[in-house]
Amino acid sequence: MSDSIMNRPFYWAIAAVVAVATLVFFVAVSLEPTAQKMLMREHGPIEALSAFGYLLCVAVMAKAGGSDYLKKYWYFAVVLVSFAAREMDFDKAFTEVGVLKSKFFFSPEVSVMGKLVSAVILGFILFALITIVRRHGKSFLVKVFSFRWDPVIWSVGFAGTFLVVSKSLDGLGRKLRGWGIADISPEVDKVASLVEESMELAVPYLFIIAVLAYLRSQRSA
């Protein structure tokens, strides 16, 4: 069986995840304000599904790849769990100042022990991210620029694009003010927020497709 036929289910899965994220956005836009807020609020159903998706991706790595696979690619698991924690707002759940804010390490409201523990955790996550770039960045870019776009490239590409765009849209009005741009209308800011949440929902499930597609390619090789 040719690779194109074997990869077809993964392409359909990628299209389905993107379509569901798009559908979530249009459904949210069409809802009345109260229902819309309930669906897309902090710690609401969409954020919960996003966080669950990251944890599910780690579970898929362990189940489909086995313990050896998880040990070999531990850095992916670390980053995925950190993304899940971020979706659940763990970065600001235990301190007065959010861990990801620049003023965290200078704030007198945060204890020295809190700063030390946070620094160790953030340093470990940063080390995992650097490890990913060092071990996989070059090969990923080679495939991208040689146009060898298999399901892994497509799913990771979509996920990466969605992450970048969603983080750019997060707090769009505040960010534009920082650049000296006049305030945008509340409606535009709300739509940007809905796009952000919809994109973030798709990311972990695209990563799951990437894991399964990679494992299949390794077995067939």
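Residues numbered from 1 in each chain as written. Predicted model: local features only at pLDDT ≥ 70, side-chain atom pairs only at ≥ 80, totals over all residues. Heavy atoms only, no water.

**Structural notes on a nonpolar patch on the surface**
Together, Met-113, Leu-116, Val-117, Val-120 and Ile-121 give the surface a local cluster of nonpolar side chains, amounting to about 490 Å² of exposed area. With a relative accessible area of 54%, Met-113 lands in the exposed category. (Patch = residues over 30% accessible without salt bridge, like charges linked within 9 Å, V, L, I, M, F, W, Y side chains within 5 Å. Areas by Shrake-Rupley, 256 points an atom, 1.4 Å probe, with all protein chains shown as cover. Salt bridge = Lys/Arg side-chain N within 4 Å of Asp/Glu carboxyl O. Buried < 20%, exposed > 50% of the residue type's maximum accessible area, 1.4 Å probe, protein only.)

**So, the side chain of Asn-7**
Its location among the elements puts Asn-7 in helix α1 (residues 3-30). Judged by relative accessible area, which is 10%, Asn-7 ranks as buried. Sequence-distant contacts of Asn-7, that is, excluding residues within four places in its chain, are made with Pro-151 and Arg-216. (Helix = DSSP H or I, 4+ residues; strand = E, 2+ residues; numbered from the N terminus. Contact = heavy atoms within 4.5 Å.)

**Considering the environment of Val-195**
Counting through the fold element by element, Val-195 comes out in helix α8 (residues 186-220). In this structure the C-alpha to C-alpha distance between Val-195 and Val-165, which are 30 residues apart in sequence, comes to 9.1 Å.

**Some thoughts on the confidence of the model for the chain**
A residue-level look at the chain finds 89% of positions with pLDDT of 70 or above and a mean pLDDT of 87. No element of the chain has a lower mean pLDDT than helix α7 (residues 172-178), at 67, and none a higher one than helix α4 (residues 74-87), at 94. (pLDDT = per-residue confidence, 0-100.)

**Some remarks on the side chain of Ser-166**
Summarising the element assignment, Ser-166 is placed in helix α6 (residues 151-169). Assessed through its relative accessible area of 0%, Ser-166 is described here as buried. With residues near it in sequence (within four places) discarded, Ser-166 still touches Glu-196, Met-199 and Glu-200.

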